[in-house]
Amino acid sequence: MRPRELVIGVGLCAAWIVLSILELRVGPGGAFPADDLARGVGAAFRLADPLEGSRQTIVEFRLWRALAAGFVGGALSLSGMMLQGLFRNSLAAPSVIGVTAGASLGAAIAILMFSGYLPTWALLTDRSVQPFVLSGAAFLGALGTAALVTGVAQLGGRVSVPTLLLAGIAVTTSVSGILGAIQSTVFHDFDVVRALGAFTFGSLDDRNGMHVSMVVSGLVLAMATIPFVATELDLMAGGESDARSLGVDVGRTKVLVLGAAVMSAACAVAAAGQIAFLGLIVPHLVRLVVGGAHRVLLPMSVLGGAVFLLATDYAQRAYFGDLGLQPGVVMSLLGGPFFLSLLLRHRRTAIAW
Amino acid sequence: MVTLVEAVAVGFEYAGGVRALRSVDFRVGAGECVAVIGPNGSGKSTLVHLLAGLLAPTIGEVRMGGDRVESLSSRERARRAAIVPQGLPRIPTLRVRDFVLGGRYAHLGLWRTASRRDHEIVDEALASVDSQDCQDRLLVEMSGGQRQRVLIARALAQAADLVLFDEPTSSLDPEHQLHVMELIRGLVDRGRGVAVVTHDFNLASQFADRVVLLADGTVVADGPVGDVLCEGVLTEVYGGRLWFGHFPGHPERPLVVPDRG
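Residues numbered from 1 in each chain as written. Chains lettered and ligands numbered in written order. Predicted model: local features only at pLDDT ≥ 70, side-chain atom pairs only at ≥ 80, totals over all residues. Heavy atoms only, no water.

**Thoughts on the overall build of chain A**
- Along chain A, the regular secondary structure elements total 15 helices and 2 strands.
- Taken over the C-alpha atoms alone, chain A extends approximately 65 × 55 × 35 Å along its principal axes.
- The proportion of buried residues among the 353 residues of chain A is 52%.
- Nonlocal contacts in chain A, meaning residues at least 24 apart in sequence, comprise 75% of its contacts between residues at least 6 apart.
- Accessible area for chain A stands at about 15,300 Å²; split by element, carbon and sulfur atoms hold 69% of it.
- Of the charged side chains in chain A, 22 are positive and 19 negative; the average position of the first set lies 10 Å away from that of the second. (Helix = DSSP H or I, 4+ residues; strand = E, 2+ residues; numbered from the N terminus. Buried < 20%, exposed > 50% of the residue type's maximum accessible area, 1.4 Å probe, protein only. Contact = heavy atoms within 4.5 Å. Areas by Shrake-Rupley, 256 points an atom, 1.4 Å probe, with all protein chains shown as cover. Lys, Arg positive; Asp, Glu negative; His and termini not counted. Charge placed at Lys NZ, Arg CZ, Asp CG, Glu CD.)

**Let's talk about unusual backbone geometry**
All names here are of chain B.
- Backbone geometry places Asp130, a non-glycine residue, at a positive phi of 55°.
- With respect to the helices and strands, the residue Asp130 is situated in the loop between helix 4 (116-128) and helix 5 (144-157).
- A relative accessible area of 60% places Asp130 in the exposed class.
- Located in the positive-phi region is Ala159, a residue other than glycine, with phi close to 55°.
- By secondary structure assignment, the location of Ala159 is in the loop between helix 5 and strand 7 (162-166).
- On the basis of relative accessibility, which here comes to 33%, the residue Ala159 falls in the partly exposed class.

**Re the sheet that holds strand 2 (residues 18-29) of chain B**
All names here are of chain B.
- Spatially, 2-1-4-5 is the arrangement adopted by the 4 strands of the open sheet, whose pairing is antiparallel. One side of each edge strand has no neighbouring strand; the edge strands of this open sheet are strand 2 and strand 5 (67-68).
- Relative to strand 4 (residues 59-64), strand 1 (residues 3-14) runs antiparallel, the two sharing 5 bridges. Considered in strand 4, the bridge of Gly11 is made with Ile59. (Pairing = 2+ DSSP bridges.)

**A word on the interface of chain B and chain A**
- Each side of the interface is counted separately: chain B has 23 residues, and chain A has 17 residues.
- Approximately 1,600 Å² of surface area, both sides summed, lies buried where chain B meets chain A, with 52% of it carried by carbon and sulfur atoms.
- When residues of chain B are sorted by the area they lose upon contact with chain A, Leu54, Tyr105 and Arg112 of chain B head the list and together hold 37% of the total.
- Here chain B is connected to chain A by 2 salt bridges.
- Between Glu232 of chain A and Arg112 of chain B there is a salt bridge, and its shortest N-O distance comes to 2.6 Å.
- Counting every contact that joins chain B to chain A gives 8 residue pairs in polar contact (both at pLDDT 80 or more).
- The set of elements that each furnish at least two residues to the side of chain B that touches chain A consists of helix 2 (74-80) and strand 6 (81-84) of chain B. (Buried area = accessible area lost by both parts, 1.4 Å probe. Salt bridge = Lys/Arg side-chain N within 4 Å of Asp/Glu carboxyl O. Polar contact = N/O pair within 3.5 Å; in protein donor to acceptor, adjacent residues only side chain to side chain.)

**Re the confidence of the model for chain A**
- Model confidence for chain A is summarised by a mean pLDDT of 86, while 93% of its residues fall at 70 or above.
- Taking the mean pLDDT of every element in chain A, the minimum, 50, falls on helix 15 (residues 347-352) of chain A and the maximum, 94, on helix 9 (residues 226-236) of chain A. (pLDDT = per-residue confidence, 0-100.)

**As for the nonpolar core**
- One finds Val72, Met82 and Leu298 of chain A to be the most contacted residues of the largest nonpolar core, which totals 110 residues.
- When residues of this core are assigned to their parent elements, the largest contribution, 14 residues, is made by helix 3 (residues 54-87) of chain A.
- Aside from chain neighbours lying at most four places away, what touches Val72 of chain A is Val215, Ala268, Ala271, Ala272, Ile275 and Leu309 of chain A.
- In this structure, Ala125, Val129, Ile152 and Ala208 of chain B belong to the second largest nonpolar core, which totals 52 residues. (Core = buried A, V, L, I, M, F, W, Y, C linked by side-chain atoms within 4.5 Å.)

Below you can see the structure in the form of C-alpha cells.
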C-alpha cells in the first residue's frame, strides 16, 4: 500500500468515527450532553446504567442509526465495487442490475410470513431467529434476481452489459410492482405496511442491534473474500482468456465475487431497505480518488461507502431534519442525475457496445 | 528431448458444431522452436489454446509433461505453459511493471502477495527484453515493438518451460520482427520449448527448428524447415502463386514470397 493510499484510508476511518459521533448529536429530542451520550451508548451494550426513561431510547435509536448507516453504506459500496470489477463496467451496481430489488422482495416475503399473511413454519414465530430469516430471505431474493439477470444477459459465456442493465430495469420494475400490490392487499395492517415500505425506499429509522448485526455479518463475510478475489479481478480486467492463461480460476472467482456482492447487498437491504445508487456513486469516487488495484479499491470502497452514507444522513438530519428525508430518497435524488452524467460521459463507448 | 506438451489425436468443435481441428498430433520438446503455419481459419489459434489448456479437446487428449491437461489446476497449468497473446489489454491505468507482475500470479501464495523474489524475477524479465526504462509507464502508451517485448517479459515472469506465441510479429516493422524473433530464439537456446503461430514463412525459415503446416484443421506437414517450406507442400495448401528460393548463403533456409506472376 502506497503512502497516499494509507493517508486516504486513515482519513476515511477517522471520518467514519467522527461522523458516527456527530450522528449521535442530531435528530428529534435535541442535543444531549456528551456525558449522557457516552453513558447511553455504554448502556446499549450493557456496560453502564441506562439513562432515565425515553432519553435512553433516543440515544439507542441514534446509536443503531449511526452504526447501521456506516455499515449499510460500506456493504452497498463494496457490492458495487465488486460488481463493477466483475462485469468490467462502471455502470454495474447492486441497484442497477436488480439485486437490491430482489433482496427487498425476499425480505418482504419474510415479513409477510412473520405477520401471518403467508403459510409459515413454527420456527418463524420465534422472534430471535427472525433477523436471520429476514437476511436469508433477502439473500435468496437477491441471488435469484442476480441469477435471472445474469442468465438473461449471458450469451455463449459472455455477459452483455446493455442486456444486463435492461434486465436489471425489468426486474426492478417488476419487483416494485409486486411490492406495491402486496402493500395494497395488507393496507389495513399499518405495522406491516410500514415495515414493507421501509424496503421500497431505504430507511434508517427504528433500527436496532439486530439490524446492525445483520449487515455487519454480511459485510464481514463479503470482506473475507477480498484477499482471494482482488488480484484475480485485476487480472480479469484484461479479459477472461488472458486471466485464465495466467492461472486464474475464472469460474471460481466469478462465483466468489458474485456471491460476496449479492450477500453484502442483500444484508444491507435486509437491514435498511433499498438505498439506490450508493453502490454506483461511491465505487466511482473511490476509483477516481484512489485508483489502482482491487486489493486497495475493495477495502477503500467499504470505508468510502460508510463515510458517504453517514455524511449524507448527518447533513440531512442536521439541516433538513424537519423534512425527515430518508436516505433512500436522498440517494435517489443524488444518484439519478449522477447516473445520467455517467451515461453522458460514456456515450461514445456506450455506442460501441 | 523432454516433451513439454503433446497433443494426441486431438479434435475440437466449437459450440454449434463448427469443427476447428480433427485428429491432430503435435508435440513441443524442451529447447525446440516449432513454427505453426497455415491459412486463416486452419485452426492455428485453436491449437494454441488447446495446448495451453484454455480449451478442452472434444476428443483426444493434451498432455503436459505426462499429465492430462484437464487434471491440472489452473495455477499448475500456468506454471507449465505461458501464452503470449496478440495484443495488450487496454486498461488505462495499468503500468508496465504491474502488468508484468501479473505473470507471477500462478506462483503467489495463499494471500496473493508478491515476495521480494517475485519482484526480482520481474526485474530480470524486464531486463532481458530491455524494458526496465519503461516499467513505470502506462501500458497503453507502448508502441508496437515495446508492447511485444512487455508481453514477452510477462511470459518470462511466468517462468513456464513452454511458451506459446500467437502471431508475435504480425504488426511489427522488419527490424522489430527480427528483435522479437531473436528474443524468442534466446528462450529456446536457454532450454525452453516454444511454439510460434505465424503467417511469415521466412521468419519461420530462419528461426524455427521445425514447421507444422495446418490446413482445414488437420496437420498437412510436420518436419524440418526445408521439408515443409517447399514447393511440393505449400502449393497444395496455398495455391500456386508463390516463388521459392533460399536466403543467399544459406541453402538450408527456404525463402518463399507471394508472386503475382
